[in-house]
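# Breakdown of the fold
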Amino acid sequence: MPMYAIRRHLGPISREELDAAAFRATICAAEYDGLRWERSFWNPAREEIVCYYVARSPEQIQQHSRQSNIPCDDVVEVTEVLPEVYSSATPAAR
């Protein structure tokens, strides 16, 4: 299944509000077949969070966001690139 990056502009929120949104996202995710929250990176200075989900489609993510009452400003499919793949490879294999 594809992985997606979701940009969410949250505005000025507290850590408690962020925790509540994460809790809602976790509870609601159980209702969507194949949807899995992988990780997120919060940037309080920019008032946004970027979340990475595995999902069946962008529409599934948007529906989950609406149900969780969490903004969903941008959804793009991404491909994971891991440093250990490159650090363990021999120079000839690169």
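Summarised in this report is the structure supplied together with it. (Residues numbered from 1 in each chain as written. Predicted model: local features only at pLDDT ≥ 70, side-chain atom pairs only at ≥ 80, totals over all residues. Heavy atoms only, no water.)

### Focus: the sheet that holds strand 1 (residues 3-9)
Judged by pairing direction, the sheet is antiparallel, and its four strands sit side by side in the order 2-3-1-4 without closing on themselves. On the outer flanks of this sheet lie strand 2 (36-43) and strand 4 (74-78), each paired with one strand and no other. Within this sheet the neighbouring strands show an average axis-to-axis angle of 20 degrees, counted without direction. Where strand 1 lies against strand 3 (residues 48-54), seven bridges are found, and the strand directions are antiparallel. (Pairing = 2+ DSSP bridges. Helix = DSSP H or I, 4+ residues; strand = E, 2+ residues; numbered from the N terminus. Axes fitted to C-alpha atoms, helices over the stretch in contact; angles between N-to-C directions.)

### Here we look at unusual backbone geometry
Look at Glu 47: it is not a glycine, yet its phi comes out positive at around 60 degrees. Mapped onto the secondary structure, Glu 47 falls in the loop between strand 2 and strand 3. Residue classification places Glu 47 among the partly exposed residues on the basis of a relative accessible area of 27%. A positive phi angle is found at Asn 69, which is not glycine, with a value near 60 degrees. For Asn 69, the position within the fold is in the loop between helix 2 (58-68) and strand 4. (Buried < 20%, exposed > 50% of the residue type's maximum accessible area, 1.4 Å probe, protein only.)

### Overview of the environment of Thr 79
With respect to the helices and strands, Thr 79 occurs in the loop between strand 4 and helix 3 (83-87). By relative accessible area, which is 70% here, Thr 79 ends up exposed. When the C-alpha positions of Thr 79 and Ala 5 are compared, they lie 9.5 Å apart, and in sequence the two are 74 residues distant.

### Quick word on the side chain of Arg 8
Its location among the elements puts Arg 8 in strand 1. In this structure Arg 8 is buried but unpaired, with Asp 73 as the nearest side chain of opposite charge at 7.9 Å. Among the polar contacts listed, one links the side chain of Arg 8 to the backbone oxygen of Pro 71, at a separation of 2.8 Å. Among residues more than four places away in sequence, those in contact with Arg 8 are Glu 47, Glu 48, Ile 49, Cys 51, Tyr 53, Ser 65, Ile 70, Pro 71, Cys 72 and Asp 73. (Lys, Arg positive; Asp, Glu negative; His and termini not counted. Salt bridge = Lys/Arg side-chain N within 4 Å of Asp/Glu carboxyl O. Polar contact = N/O pair within 3.5 Å; in protein donor to acceptor, adjacent residues only side chain to side chain. Contact = heavy atoms within 4.5 Å.)

### Side note on the nonpolar core
Counting residues in hydrophobic clusters, the biggest one holds 16 residues, and the most contacted among them are Tyr 4, Ile 6, Leu 35, Tyr 53 and Ile 61. For this core, the secondary structure elements donating two or more residues are strand 1, helix 1 (15-29) and strand 3. Looking at which element gives the most residues to this core, the answer is helix 1, with four residues. Not counting chain neighbours up to four residues away, the residues in contact with Tyr 4 comprise Cys 51, Tyr 52, Tyr 53, Ala 55, Arg 56, Ser 57, Pro 58, Ile 61, Val 75, Val 76, Glu 77 and Val 78. (Core = buried A, V, L, I, M, F, W, Y, C linked by side-chain atoms within 4.5 Å.)

### Looking at the pattern of salt bridges
A full pass over the atoms with the stated rule returns five salt bridges. Put simply, Asp 33 and Arg 56 hold a salt bridge, and the shortest N to O gap is 2.6 Å. A residue pair is termed long-range when its members are at least 10 positions apart, and Asp 33 in the loop between helix 1 and strand 2 and Arg 56 in the loop between strand 3 and helix 2 qualify at 23 residues. The partner of Glu 80 in a salt bridge is Arg 39, and the shortest N-O contact between them spans 4.0 Å. Placement of the pair is Glu 80 in the loop between strand 4 and helix 3 and Arg 39 in strand 2, with a sequence separation of 41 residues. What makes Arg 39 partly exposed here is its relative accessible area of 42%.

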